[in-house]
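Residue-level listing of the chains:
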Amino acid sequence: MIYTVTFNPAIDYVIKVDDLTLGKVNRTTREDMYCGGKGINVSNVLANLGIDSVGFGFIAGFTGDAIETGAKQLGFKPDFIRLREGMTRINVKIKSNEESEINGQGPDIHEDELEMMYQKLDTLKDGDILVLAGSIPNTLPEDVYEKIMERLQDRKIQIVVDATKDLLLNVLKFHPFLIKPNNHELGEMFGVELKNNEEIIEYGKKLQEKGARNVLISMAGDGAILITEKGDVHISPCPKGEVKNSVGAGDSMVAGFLTGYLKNGDYEEALKMGIATGSASAFSEDLATKEKIMELYEQL
Ligand SMILES: Nc1ncnc2c1ncn2[C@@H]1O[C@H](COP(=O)(O)OP(=O)(O)O)[C@@H](O)[C@H]1O
Ligand SMILES: O=P(O)(O)OC[C@H]1O[C@](O)(COP(=O)(O)O)[C@@H](O)[C@@H]1O
């Protein structure tokens, strides 16, 4: 079974505003609301691709209720822990002349509530896949993903981590199966700006030296680079098209990669499915449908 963990789910409020002006009343020309948060997006797109998953995470308040109901409609099994106080965040994504995002910090998670998550994770078995994705509310220590991986290290569970900075760097010693920073996040981790593919590969390999097995670096409209545990480097462009909403493109790429990999363990196939799925989400208002993914896959 595939399990996704979203410590910090969100309602994504995606609005279009002509010529956003700070300090003035702006009016939207379009608004959409989606269940979001990185693990939830991965489960959503896996469901669109016909693959079952269970969504773990923390929810709170009426926005949390909406996430729980939404998950069932999206086609994956919600198994969220309800926090006793606070509110699942609403992340605002503004599409204007530029794209801007305001992501909330999320509700507090108390020690006993975190313990409930550890107990759920203790039920995972050899052969399961676990996706740890997204930020954590800022009341939690930056080593929480590390603690989860340490706890599971004796089981044959393939773990994917999609997070940034220390949350990601701290887990590398436990050899995650896959990590997926984007090129900017990769540069930030080392305090450098990466200007070309050679530099991206050089720094991607540093994450491998620190313990990651496969490193997938997404580069938005420039495609992605995969550095595999076998030492191969695959560089892939992505299809061209009209970008409608790139929120969740990275999460979609993770779902596509896993779907491709699960066919027969082939990394080139995984990358191809990852690219097609990421781009299918970027070219859609909502996340990728199977039909759109396969249309782009055929073009690659
Ligand atoms: N402008 C775009 N045009 C085509 N594909 C895109 C675009 N933006 C994202 N994608 C697809 O989604 C993948 C992940 O996008 P990216 O923006 O790098 O991830 P993240 O959302 O994690 O920052 C890319 O590798 C690509 O396949
Ligand atoms: O947990 P974080 O890092 O704040 O990210 C949460 C946001 O990321 C998303 O999952 C989108 O992620 P990507 O665009 O990187 O795929 C949104 O749905 C959500 O609002």
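Here is what the cut-offs are and how they apply
- Residues numbered from 1 in each chain as written.
- Chains lettered and ligands numbered in written order.
- Predicted model: local features only at pLDDT ≥ 70, side-chain atom pairs only at ≥ 80, totals over all residues.
- Helix = DSSP H or I, 4+ residues; strand = E, 2+ residues; numbered from the N terminus.
- Rg over C-alpha atoms; globule rule 2.2 N^0.38 Å.
- Buried ≥ 20, exposed ≤ 12 C-beta atoms within 10 Å, placed from the backbone.
- Contact = placed C-beta atoms within 7 Å.
- UniProt positions renumbered as here; feature names shortened; annotations may be inferred.
- Axes fitted to C-alpha atoms, helices over the stretch in contact; angles between N-to-C directions.
- Parallel < 35°, antiparallel > 145°, perpendicular 65-115°, else oblique.
- Left-handed = near helix turned anticlockwise from the far one by under 90°.
- Core = buried A, V, L, I, M, F, W, Y, C linked by C-beta atoms within 7 Å.
- Pairing = 2+ DSSP bridges.
- Near = placed C-beta within 6 Å.
- Nonpolar A, V, L, I, M, F, W, Y, C, P; charged D, E, K, R; others polar.

1. Here we look at the overall build of the protein
Secondary structure summary: the protein contains 10 helices and 13 strands in total. Expected size for 300 residues packed as a compact globule is a radius of gyration near 19 Å; at 18 Å, the protein falls within 12% of this value. Here the C-alpha coordinates of the protein stretch approximately 55 × 45 × 40 Å along the principal axes. Counting the 300 residues in the protein, one finds 44% classified as buried. Once local pairs closer than 6 in sequence are excluded, the contacts in the protein between residues at least 24 apart make up 66%.

2. So, the UniProt feature "domain: Carbohydrate kinase PfkB" (unreviewed entry) in the protein
Annotation from UniProt places "domain: Carbohydrate kinase PfkB" (unreviewed entry) at residues 8-286. For the annotated span residues 8-286, helix accounts for 37% and strand for 24% of the residues, and the straight-line distance between the end C-alpha atoms is 20 Å.

3. Quick look at the packing of helix α8 (residues 249-264) against helix α9 (residues 267-282)
Where α8 meets α9, the closest approach of the two axes is 7 Å, and the angle between their N-to-C directions is 150°. Considered as vectors, α8 and α9 are oriented roughly antiparallel to each other. The interaxial crossing formed by α8 with α9 has right-handed handedness. Counted together, Ala-249, Gly-250, Ser-252, Met-253, Ala-255, Gly-256, Phe-257, Thr-259, Gly-260, Tyr-261 and Lys-263 of α8 and Glu-269, Ala-270, Leu-271, Lys-272, Met-273, Gly-274, Ala-276, Thr-277, Gly-278, Ala-280, Ser-281 and Ala-282 of α9 form the full contact between these two elements.

4. Focus on the environment of Gly-57
Along the polypeptide, Gly-57 turns up in strand β4 (residues 53-59). On the basis of neighbour counts, which here come to 28 C-beta atoms within 10 Å, the residue Gly-57 falls in the buried class. Residues Gly-57 and Lys-180, 123 residues apart in the sequence, show an inter-C-alpha distance of 20 Å. Discounting residues that sit within four places of it in the chain, Gly-57 has contacts with Val-5, Thr-6, Phe-7, Pro-9, Gly-37, Gly-39 and Phe-80.

5. Observations regarding the nonpolar core
With 80 residues, the main nonpolar core has Val-131, Leu-132, Val-161 and Phe-257 as its most contacted residues. Sorting elements by how many residues they give to this core places α9 first, with 8 residues. Filtering out sequence-adjacent residues up to four positions away, Phe-257 remains in contact with Leu-178, Leu-216, Ala-270, Leu-271, Met-273 and Gly-274.

6. Overview of the sheet that holds strand β2 (residues 10-17)
With mixed pairing, 4 strands are arranged side by side in an open sheet as β3-β2-β6-β7. In the strand order of this sheet, the two ends are held by β3 (28-36) and β7 (99-102), each with one partner. Strand after strand, the sheet turns through a mean of 15° between neighbouring axes, direction not considered. In the sheet, β2 pairs with strand β6 (residues 89-95) via 7 bridges, with the strands oriented parallel. Bridging from a neighbouring strand, Ile-15 pairs with Ile-94 of β6. Contacting β2, β3 and β6, helix α2 (residues 61-74) crosses the sheet at an angle of about 80° to β3.

7. Regarding the site of ligand 2
Taken together, 16 residues form the shell around ligand 2, and within it Gly-36, Asn-91, Gly-134, Ser-135 and Gly-250 come nearest. Looking at the shell around ligand 2, the elements with two or more residues in it are β2, α1 (38-48) and α8. Tallied by class, the residues present in the shell around ligand 2 amount to 3 nonpolar, 10 polar and 3 charged.

8. Some remarks on the environment of Leu-74
On the secondary structure map, Leu-74 appears in helix α2. Overall, Leu-74 belongs to the buried group, with 20 C-beta atoms counted inside 10 Å. Placed 34 residues apart in sequence, Leu-74 and Ile-40 show a C-alpha to C-alpha distance of 9.7 Å. The contacts of Leu-74, once residues within four sequence positions are left out, are Cys-35, Asn-44 and Ala-47.

9. Topic: the sheet that holds strand β10 (residues 178-179)
As summarised here, the arrangement of the 9 strands in space is β5-β4-β1-β8-β9-β10-β11-β12-β13, forming an open sheet in which the pairing is mixed. Lying at the two open borders of the sheet, with one neighbouring strand each, are β5 (77-82) and β13 (233-236). Two elements, β10 and strand β11 (residues 214-218), share 2 bridges in a ladder whose sense is parallel. Along β11, the bridge assignment pairs Leu-178 with Asn-214. Each of β1 (2-6), β4, β8 (129-133) and β9 (158-162) touches α1; the most contacted strand, β1, lies at about 150° to it.

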